[in-house]
Amino acid sequence: MSSYQVVKGARDIFPDEMVQWNYVEEVICRLAGVFGFNEIRTPVFEYTELFQRSIGASTDIVGKEMFTFCPDGSERSITLRPEMTAGVMRAVLQKNLFASAPVQKLYYISELFRKERPQAGRQRQFTQFGAELLGASSPAAVAEVIMFMMQVFGELGLDGLRLRINSLGSADDRRRYREELRSYLAPHYGMLDQASRERFEKNPLRILDSKNPDMQEIVSGAPKLHEHLGDEARRDFDQVLGYLAGRGIDFSIDHLLVRGLDYYSYTAFEVSCTALGAQDALGGGGRYDSLALELGSPKEVPAAGFAVGMERLLIAMQKQRLLPEAVPPGPEVFIIVPQQEFFDHAFDIAARLRSAGIGTTIDLAGRSMKAQLREANRMRAASALFVGGDELASGLFPLKDLASSAQEALSLDAVIGRLRHASIIKTRQP
RNA sequence: GUGAUUGUAGCUCAGUUGGUUAGAGCGCCAGGUUGUGGCCCUGGAGGUCGGGGGUUCGAGUCCCCUCAUUCACCCCA
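Residues numbered from 1 in each chain as written. Chains lettered and ligands numbered in written order. Predicted model: local features only at pLDDT ≥ 70, side-chain atom pairs only at ≥ 80, totals over all residues. Heavy atoms only, no water.

## Things to note about the protein's contact with RNA strand B
- The environment of RNA strand B is made up of 47 residues, and the closest members are R114, R374, R378, L402 and S405.
- For RNA strand B, a base oxygen lies 3.2 Å from a polar atom in the side chain of E116.
- In this structure, R259 approaches RNA strand B through a side-chain N or O atom, which is 2.6 Å from a phosphate oxygen. (Near = heavy atom within 4 Å. Polar contact = N/O pair within 3.5 Å; in protein donor to acceptor, adjacent residues only side chain to side chain.)

As structure tokens, then:
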């Protein structure tokens, strides 16, 4: 055993599990195409100010969860991305993609980093898939990102989901409400917990979704955000809900849902799953019209998006037995070399088969024939091809179907013909 | 950052009030089959019992420290 270990909060994904990841990612990519989202990749790090500006300096993420460093002491501070939205928006603004197409629909599957204590469903390096719809934030646009997210869950067969949704209103709505909330909370200030006291000044709305029962008690008597929404926000929210209901998407309205990123306005939502443990949030998102301005864009860019935790998605699917068997696909043929002195000839034949597009494996460790066959069986090779002295002399090679044990001696051309046919049939299967 | 939890073979785990060379199942390797896998049988390799210190005639077992894990708080994906 090596004395080195993976970094705390990070983990390796080995081939067995990769089969499952690939399955989920394939579904995501396919549905992204169906919904018209194109893939984007951005760097794993950005200049630190980008996140401070976008996510909000008073949030937990920026305040204590970022991996930040200065490359050379004097150079500009850099941070491993704790979320994707800011980076995507930065990239699109920098390239000025809106000049050629005013609406950009992008999706990603990317690794993120947050310096938290690891626990079930929470890592320091984790993966999110998500989508950003930039250039529109109409009720239909917001509904569309939610529909995309929910359809992925549906396609994967996930059960026990709960979609909660809320409207945070316009910036003006919130500004007015914030003052009302403060004046309500002020007499209770002495009873607020540490975190809530800090939020009282910087972002009192976050006190609303505190999980501290004492805070919830206090909040229960507070003025309601949804009663302070302007007509516009009210209408917008109703339309979003109407679109969702019309598509048969189940949701529940949660007037206390605020979420931990500062850039959201109007619609915000979160999906949780009963199959998960304490960290039961599977994904979330919302509308963020003001983010572009925050990042220095000369004009506002209406936008909405969501992100889903891939590890949590896999955990939930695992619990619900929705994942494919964790076994990497075996080769079409495993070349058996009974006598090592003929290895080079067998190696040439392997090359020919591969040139013909046939998945071919050959033992590279000089093992016994028995070991080679065992290995072929273990890796679920479809067939075994024997290449020894007799075969090279006669030009006839026994090809054994490992499932049925049927064996037949064929010329190399016949072997290639048959295996090629087999792999074509295989790839046609869904 | 706080609180608990668990560290014994590659994996899952036994290991009695402290007592000889630390075990099992699975996996791996080899043989049973002179050129044929799976099933079966036989054998083998593999452990500084997380690390350090202490108590003791003697520590996997008790004490202290430390590292790591896991779960929860917090927060979120």
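## Some thoughts on the side chain of T127
- Within the secondary structure, T127 is located in strand β6 (residues 125-134).
- Residues within four places of T127 in sequence aside, it is in contact with W21, I109, S110, E111, V308, G309, M310 and E311. (Helix = DSSP H or I, 4+ residues; strand = E, 2+ residues; numbered from the N terminus. Contact = heavy atoms within 4.5 Å.)

## Structural notes on the sheet that holds strand β3 (residues 68-69)
- Overall, antiparallel pairing links the three strands, which are arranged β2-β4-β3 in an open sheet. Of all strands in the sheet, those bounded by a partner on one side alone are β2 (45-47) and β3.
- Relative to strand β4 (residues 78-80), β3 is paired through two bridges, and the arrangement is antiparallel. Across the sheet, residue T68 finds its bridge partner in β4, namely T79.
- Along the sheet, helix α2 (residues 48-55) makes contact with β2, β3 and β4, crossing β2 at roughly 80°. (Pairing = 2+ DSSP bridges. Axes fitted to C-alpha atoms, helices over the stretch in contact; angles between N-to-C directions.)

## Observations regarding the domain arrangement of chain A
- Splitting chain A by domain gives domain 1 (15-170 + 230-319) and domain 2 (333-428).
- With centres defined by C-alpha atoms, the gap from domain 1 to domain 2 works out at 48 Å. (Domains from an automatic or database assignment.)

## Topic: the pattern of salt bridges
- Taken as a whole and assessed by the stated rule, the structure comprises 25 salt bridges.
- We note a salt bridge from R30 to E26, for which the minimum N-O separation is 3.1 Å. Here the residue R30 and the residue E26 both occupy positions in helix α1 (residues 15-35), the gap between them amounting to four residues, near one helical turn.
- In this structure R30 comes out as partly exposed when scored by relative accessible area, which is 38%.
- Overall, E26 belongs to the partly exposed group, its relative accessible area being 40%.
- With its nearest N and O atoms 3.9 Å apart, the salt bridge here joins E39 to R41.
- Its relative accessible area of 71% is what places R41 among the exposed residues. (Salt bridge = Lys/Arg side-chain N within 4 Å of Asp/Glu carboxyl O. Buried < 20%, exposed > 50% of the residue type's maximum accessible area, 1.4 Å probe, protein only.)

## Examining the layout of surface pockets
- Considering only enclosed or pocket space, the second largest pocket measures out at about 530 Å³ in volume.
- Together, 26 residues line the second largest pocket, and R174, R178, D262, Y263 and Y264 are the ones closest to its centre.
- The leading source of residues in the lining of the second largest pocket is helix α6 (residues 171-185), at four residues.
- For the lining of the second largest pocket, the per-class residue count stands at eight nonpolar, seven polar and 11 charged. (1 Å grid on protein atoms, 1.4 Å probe; cavity = no way out; pocket = protein on both sides within 12 Å on 5 of 7 lines; lining within 4 Å. Points joined across faces, edges and corners; volume = space filled by probe spheres on them. Nonpolar A, V, L, I, M, F, W, Y, C, P; charged D, E, K, R; others polar.)

## Description of the sheet that holds strand β15 (residues 397-401)
- Pairing within the open sheet is mixed, and its five strands lie in the order β13-β12-β14-β15-β16. The two strands at the open ends of the sheet, each matched to only one other strand, are β13 (360-362) and β16 (407-410). The average angle at which neighbouring strand axes cross in this sheet is 25°, direction not considered.
- Across four bridges, the pairing between β15 and β16 is antiparallel. The residue bridging L399 from the neighbouring strand is E408, located in β16.
- Where helix α12 (residues 343-355) meets the sheet, it contacts β12 (333-336), β13, β14 (383-386) and β15, and its direction lies at approximately 165° from that of β13.
- Lying over the sheet, helix α13 (residues 369-378) contacts β12 and β14, oriented at roughly 175° with respect to β12.

## Thoughts on helix α9 (residues 231-246)
- Given a rise of 1.5 Å per residue, 16 residues ought to cover 22 Å, and the 22 Å separating the end C-alpha atoms of α9 matches this to within 8%.
- Within α9 the residues assigned to the buried category are A233, D236, F237, V240, L241 and L244. Seen end-on, α9 carries its buried residues on one side only, within an arc spanning 130°. Turned more than 90 degrees away from the buried face of α9 sit D231, R235 and G246, all of them exposed.
- Of the surrounding secondary structure, the elements contacted by the buried residues of α9 are α5 (139-156), β7 (161-167), α6, β8 (252-253), β9 (265-273) and β10 (281-287).
- With its phi angle positive at about 75°, G248 sits one or two positions after the end of α9. (Expected span 1.5 Å × (residues − 1). Arc of directions from axis to C-beta.)

## Digging into the environment of V327
- By secondary structure assignment, the location of V327 is in the loop between α11 (310-319) and β12.
- For V327, a relative accessible area of 26% puts it in the partly exposed group.
- Not counting the four nearest positions on each side in its chain, V327 is found in contact with D16, V19 and R380.

## Here's the deal with unusual backbone geometry
- For N96, which is not glycine, the phi torsion reads 55° and is therefore positive.
- Within the secondary structure, N96 sits in the loop between α4 (85-95) and β5 (104-113).
- Phi is positive for R380, which is not a glycine, with a value near 60°.

## Some details on the nonpolar core
- Ranked by internal contacts, the top residues of the largest apolar core, which has 48 residues, are F148 and L313.
- When residues of this core are assigned to their parent elements, the largest contribution, 12 residues, is made by α5.
- Apart from the residues within four sequence positions on either side, L313 is in contact with V24, F129, F153, L156, L158, L282 and V308.
- Core analysis: the second largest hydrophobic core is formed by 46 residues, I55, V258, Y263 and Y264 among them. (Core = buried A, V, L, I, M, F, W, Y, C linked by side-chain atoms within 4.5 Å.)

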